[in-house]
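Report on the structure
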Amino acid sequence: MAIRKKSTKSPPVLSHEFVLQNHADIVSCVAMVFLLGLMFEITAKASIIFVTLQYNVTLPATEEQAAESASLYYYGIKDLATVFFYMLVAIIIHAIIQEYVLDKINRRMHFSKTKHSKFNESGQLSAFYLFSCIWGTFILISENYISDPTILWRAYPHNLMTFQMKFFYIAQLAYWFHAFPELYFQKTKKEDIPRQLVYIGLYLFHIAGAYLLNLNHLGLVLLVLHYFVEFLFHISRLFYFSDEKYQKGFSLWAVLFVLGRLLTLILSVLTVGFGLARAENQKLDFSAGNFNVLAVRIAVLASICITQAFMMWKFINFQLRRWREHSTFQAPTVKKKPTVTKGRSSRKGTENGVNGTVTSNGADSPRNRKEKSS
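Given the structure is predicted, the values throughout are model-derived calculations rather than measurements. (Residues numbered from 1 in each chain as written. Predicted model: local features only at pLDDT ≥ 70, side-chain atom pairs only at ≥ 80, totals over all residues. Heavy atoms only, no water.)

What follows concerns the overall build of the chain. Each helix and strand in the chain was counted, giving eleven helices and two strands. Along its sequence from the N terminus, the chain presents helices and strands in the succession α-α-β-β-α-α-α-α-α-α-α-α-α. Here the chain holds 374 residues, and 35% of them are scored as buried. By sequence separation, contacts in the chain at least 24 residues apart represent 71% of the contacts at least 6 residues apart. Looking at the chain as shown, the accessible area adds up to about 24600 Å², and 66% of this sits on carbon and sulfur atoms. (Helix = DSSP H or I, 4+ residues; strand = E, 2+ residues; numbered from the N terminus. Buried < 20%, exposed > 50% of the residue type's maximum accessible area, 1.4 Å probe, protein only. Contact = heavy atoms within 4.5 Å. Areas by Shrake-Rupley, 256 points an atom, 1.4 Å probe, with all protein chains shown as cover.)

Let's shift gears to the pattern of salt bridges. Tallied over the entire structure, the rule returns four salt bridges. Here Asp79 makes a salt bridge to Lys166, at a shortest N to O gap of 3.1 Å. Of this pair, Asp79 sits in helix α3 (residues 79-109) while Lys166 sits in helix α5 (residues 163-185), and the two are 87 residues apart along the sequence. On the basis of relative accessible area, Asp79 is assigned to the buried category, the value being 5%. With relative accessibility at 0%, the residue Lys166 sits in the buried group. When the shortest N-O distance is used, the salt bridge between Glu121 and Arg195 registers 3.5 Å. Taken together, the residues span a long stretch of sequence, with Glu121 in helix α4 (residues 113-142) and Arg195 in helix α6 (residues 193-212) at a distance of 74 residues. Using a relative accessible area of 15% as the deciding quantity, one classes Glu121 as buried. (Salt bridge = Lys/Arg side-chain N within 4 Å of Asp/Glu carboxyl O.)

On the surface, Met32, Leu35, Leu36, Leu38, Met39, Phe40 and Ile48 cluster together into a nonpolar patch covering about 660 Å² of accessible area. For the nonpolar patch, the element with the highest residue contribution is helix α1 (residues 16-37), accounting for three residues. Take Met32: its relative accessible area is 43%, and that puts it in the partly exposed class. (Patch = residues over 30% accessible without salt bridge, like charges linked within 9 Å, V, L, I, M, F, W, Y side chains within 5 Å.)

Under the UniProt annotation, the feature "transmembrane region" (unreviewed entry) is placed at residues 26-51, 83-102, 123-147, 167-185, 197-214, 220-240, 252-274 and 294-316. Annotation note: span residues 26-51, helix share 88%, strand share 0%, distance between end C-alpha atoms 18 Å. For residues 123-147, the end-to-end C-alpha separation is 33 Å, with 80% helix and 0% strand making up the annotated structure. (UniProt positions renumbered as here; feature names shortened; annotations may be inferred.)

On to the side chain of Glu182. In this structure, Glu182 sits in helix α5. Setting aside residues no more than four positions away along its own chain, Glu182 makes contact with His23, Ile91, His94 and Thr188.

Another aspect to go through is the nonpolar core. Judged by nonpolar contacts, the single largest core of 46 residues is most densely connected at Tyr129, Tyr145, Tyr169, Trp176, Leu220 and Tyr227. Of all elements in the fold, only α1, α3, α4, α5, α6 and α7 (216-242) reach the threshold of two or more residues within this core. Sort the elements by how many residues they give to this core and α5 lands first, with ten residues. Non-local contacts of Leu220, meaning those with residues more than four positions away in its chain, are made with Gly136, Ile139, Leu140, Tyr145, Met165, Phe168 and Tyr169. In this structure, Phe250, Ala254, Met311 and Phe318 belong to the second largest nonpolar core, which totals ten residues. (Core = buried A, V, L, I, M, F, W, Y, C linked by side-chain atoms within 4.5 Å.)

Here we come to the packing of aromatic side chains. Given two aromatic rings, one states the distance between the centres and the angle between the planes to describe the pair. Throughout the structure, instances matching the rule amount to 40 aromatic pairs. On the numbers, 6.1 Å between centres and 85° between planes, the contact of Phe34 with Phe85 is edge-to-face. Of the two residues, Phe34 sits in helix α1 while Phe85 sits in helix α3, which places them 51 residues apart along the sequence. Across this residue pair, the class does not change: Phe34 and Phe85 are buried. Centroid distance Phe286 to Phe291: 5.7 Å. Interplanar angle 80°. Geometry classified as edge-to-face. (Phe/Tyr/Trp six-rings, centres within 6.5 Å; stacked < 30°, edge-to-face > 60°.)

Okay, a positive patch on the surface next. Taken together, the side chains of Lys113, Lys118, Lys189, Lys314 and Arg321 present a region of like positive charge at the surface. Looking at the positive patch, the elements with two or more residues in it are α4 and α9 (294-330). With respect to the secondary-structure elements, Lys314 resides in helix α9. (Lys, Arg positive; Asp, Glu negative; His and termini not counted. Charge placed at Lys NZ, Arg CZ, Asp CG, Glu CD.)

Attention now moves to the environment of Leu212. Tracing the backbone shows Leu212 in helix α6. As a C-alpha pair, Leu212 and Tyr74 span 138 residues in sequence and 9.9 Å in three-dimensional space. Ignoring anything within four residues of it in the chain, the contact list for Leu212 reads Tyr75 and Phe291.

Laid out in structure tokens, this is it:
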């Protein structure tokens, strides 16, 4: 009776590339579950929490405002569900940009692995920064932030937000939360993960802080300012990858980066240190959303100042590294010219030839060997 040998072949295992190519499809299916839930009465109440903004109130029309009533929003615990849904949307948009734009450019440019990852990072962030700058600027203009800067601290707490304002903050939180799973989807190197986690955490800390402390007016202005500077850096890096001679964008970014840090500090001190410090109501009231007390103001200013100092320290190190690399690349190789001197040293130099090379007149020539044997 023949004995069948057990197969030593291991069962097929899904490759990591296969998982990465299909993660957007899986996320799309999850998002479709919430959208399809709106079509049925049984699941509509649960799905609507994820898809639409919550905690809206309707204010009656006044003589100063338009004839129609205004619908405003405040925040609550249900916003976490909305942030989760739009985090899924951000993952889908990220995959679309990666597959249909960045991957096609990468195939044409034939980047190295290091440039490939940096190009993908700058491509994704430049698209997000540009979209956020345009959206945030539209809100600033529509709500007269530019014409009246005192709106940053006047009538605090700003616990009621317009639809555009609240949706902007929900989208910002969703995008930076989506950056955590993208570290796995994009196969980020282990040595780059700590750097990624630091700046993702800083974004979430400050955006969530402005949202929860009802400092959404100040947070919006600072985000638009910061995003504009960061967009210039990443778009300059994209041009640099296509042509390494391109350096003008980095020079302009360096100037605007320093100005951006100064404007951030000035607006923060002006709003928190002077505007809110002189407000009449300075009592801690969680129900009204009033956090205008000395301890909170100090904590807000300290976090902003420490973050700006950290960014300046990273910026100075970056500029010093670029300056060293540039000076090393531009330094010409100086060749030593042969010096003719008298005496024994000149004969040795002539025998060894130019730059130490042995010539036919050197010590190993047949004539010199004959003289030595005699």
